[in-house]
Amino acid sequence: MKKYVLEILMFTAYALFAASWVSGAILTPSVQASFGEAGLANATWGSNVITIAKIVGNLAAAMLLVRLGVKRAFTVAVLLIAAGGFGALAGDYIGWLWSRLALGLGGALAIVYFNPVVLHYFAAEERPLINGVNAAAFNTGNLIALLSTGALAAWMGSWQSVVALYGVMVVALAVLWWLSAEDFSLSGAANNGQPEEKYGLRDGIREGFNWWLPLAYCGVLFCYIAVFALFPLIDGFAVASNHLSAVMIAAGMVGTVAGIMITRRYPLRLPVLRYAGLALVIFAALMVLSRNPVIAYTAAALAGFFMFLPMTALVTLPQELPGMTPGRITVTFAMFWSISYGVETVLMYGAGLMADTTGEPAIAAYIAVACSASLFVFSFMLPESGKKPENDVKKEADNAESATA
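Thresholds applied
Residues numbered from 1 in each chain as written. Predicted model: local features only at pLDDT ≥ 70, side-chain atom pairs only at ≥ 80, totals over all residues. Heavy atoms only, no water. Helix = DSSP H or I, 4+ residues; strand = E, 2+ residues; numbered from the N terminus. Buried < 20%, exposed > 50% of the residue type's maximum accessible area, 1.4 Å probe, protein only. Contact = heavy atoms within 4.5 Å. Areas by Shrake-Rupley, 256 points an atom, 1.4 Å probe, with all protein chains shown as cover. Core = buried A, V, L, I, M, F, W, Y, C linked by side-chain atoms within 4.5 Å. Domains from an automatic or database assignment. Expected span 1.5 Å × (residues − 1). Polar contact = N/O pair within 3.5 Å; in protein donor to acceptor, adjacent residues only side chain to side chain. Axes fitted to C-alpha atoms, helices over the stretch in contact; angles between N-to-C directions. Parallel < 35°, antiparallel > 145°, perpendicular 65-115°, else oblique. Phe/Tyr/Trp six-rings, centres within 6.5 Å; stacked < 30°, edge-to-face > 60°.

Under an unreviewed UniProt entry, the protein has the name Major Facilitator Superfamily protein and belongs to Microbulbifer aggregans.

**Some remarks on the overall build of the protein**
What the protein contains, in helices and strands, is 19 helices and zero strands. Of all 405 residues assigned to the protein, the portion counted as buried reaches 56%. Taking as baseline every contact in the protein between residues at least 6 positions apart, the subset at least 24 positions apart corresponds to 85%. Accessible area of the protein: about 16,700 Å², with a carbon and sulfur share of 67%.

**Quick notes on the nonpolar core**
Of all hydrophobic cores here, the largest spans 122 residues; its most connected members are Tyr 14, Trp 96 and Tyr 113. Looking at which element gives the most residues to this core, the answer is helix α5 (residues 93-121), with 14 residues. Split by domain, this core shows at least three residues from each of two domains, domain 1 (1-182) and domain 2 (204-387). Tyr 14 has contacts with Lys 54, Gly 107, Ala 110, Ile 111, Phe 114, Ala 137, Phe 138 and Tyr 341, leaving out every residue within four places of it along the chain.

**Examining the environment of Tyr 199**
Considering the arrangement of structural elements, one finds Tyr 199 in the loop between α9 (189-192) and α10 (201-205). Note on Tyr 199: relative accessible area 14%, which makes it buried. A sequence separation of 13 residues divides Tyr 199 from Leu 186, and the C-alpha atoms of the two residues are 9.7 Å apart. In this view, Tyr 199 contacts Gly 204, Glu 207, Asn 210, Gly 327, Arg 328 and Val 331; residues no more than four positions away in its chain are not counted.

**Describing α5**
Relative to the 42 Å expected for 29 residues at 1.5 Å per residue, α5 spans 42 Å between its end C-alpha atoms, a close match to the ideal helical length. Of all 29 residues in α5, 23 are buried; the element is thus mostly enclosed. Sitting at the head of α5, Asp 92 places a side-chain oxygen 3.3 Å from the backbone nitrogen of Ile 94.

**Thoughts on the side chain of Asn 115**
With respect to the helices and strands, Asn 115 occurs in helix α5. The buried category is assigned to Asn 115, whose relative accessible area is 4%. In this structure the side chain of Asn 115 is engaged in a polar contact, spanning 3.4 Å, whose partner is the side chain of Gln 319. Residues contacting Asn 115, with those up to four places away along its chain left out, are Val 315, Gln 319, Ile 329 and Phe 333.

**Concerning the packing of helix α15 (residues 311-319) against helix α16 (residues 326-358)**
In contact at an axis separation of 10 Å, α15 and α16 are set at 140° when each is read in the N-to-C sense. Taken together, the axis directions place α15 and α16 in an arrangement best described as oblique. Here Leu 314, Val 315, Pro 318 and Gln 319 of α15 come into contact with α16, specifically with Ile 329, Thr 332, Phe 333 and Phe 336.

**Focus on the packing of aromatic side chains**
In this description, a pair of aromatic rings is defined by centroid distance and the angle of the planes. Under the defined criterion, the tally for this structure stands at 21 aromatic pairs. With a centroid separation of 5.7 Å and 55° between ring planes, the pair formed by Phe 17 and Trp 21 is classed as tilted. Highlighted residues: Phe 17 and Trp 21, both in helix α1 (residues 2-26), separated by four residues, approximately one helical turn. Take Phe 17 and Trp 21: they sit in the same class, and that class is buried. Centre to centre, the rings of Tyr 224 and Phe 308 are 5.2 Å apart; their planes meet at 75°, and the pair counts as edge-to-face. In this pair, Tyr 224 sits in helix α11 (residues 209-229) while Phe 308 sits in helix α14 (residues 293-308), placing the two residues 84 residues apart along the sequence. As far as burial versus exposure is concerned, Tyr 224 and Phe 308 are alike and both buried.

Here is the structure:
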């Protein structure tokens, strides 16, 4: 029962992190107006400062986990997310960005800690479902923010009230986590009787897999964040950009469910990543290029579906690699999120800058779509962690034997 309580608390904390981030992005025009700021490139800093914080926070996550243990480390993460609520008290735009920095640091730590908790508490056959649910946490918060931010701001009277509301809710989660959580070994030594393994960031940097995995995901991440951070600031789509974002994200929830089912029933991971990645590029391009509203909506739904369908397989793949422990998986995902967000930040600011320079805001959307091809391209560099069914292996062996006869 404890593992499910912890899972619910982690999921909710990260969903509220996402809602706070996305609501801040949606409220950017109001925030900029409050502080006398303007410009698309300037507007991207509300999201970019969060991604910068995530780069630093992701790398610090493993070290913090070792020093504080899971209970204290995740408590720190949740309190930092809650600190994003102090943006309501900001006296200038720099103060607002500092609150976004704290929010990003908390989110960076929290997402890394999903993996050691899942690896420790859940059996191998349970992990695809839990990984899929966790992969939907950001999307859940994103969708909540898209559907409620405008109404909340109108009802509460200001963007400051919305930001503060999320901060208060997250503080309550921090208290519940502290009362429920416990620490555990990160090496897996207690389970197998082997000496404790010390696996740090230096060890992780030497493994090529820890680089290829984030490079595969970074373009998808950029496209996803662009959907809610850049698209609402761009006119010229066949339908309202906020509607496009909502359809894409809602369909992503369905894609997550499909991804869980596929990962549980189909043992191979790379085909799922590869073909879903290719479909994402095709439908995302159709979404932004079509001038027909029906086609744009349909393409947005399919792009969202294929953006999230491979996420369960992507997160499960590292957990299935030989010799994986809670300590190793923490380093792997610390690097994964740090590198992914590092590349995404550069791409996001570059796209906004190019849009400002050319005077064509839609170019930022085109760049985001093109970069989403990263999953398809870099999937060819990843190892296969799944195993083919014995019948398929036997059939391939028989075919090979027949060919050489």
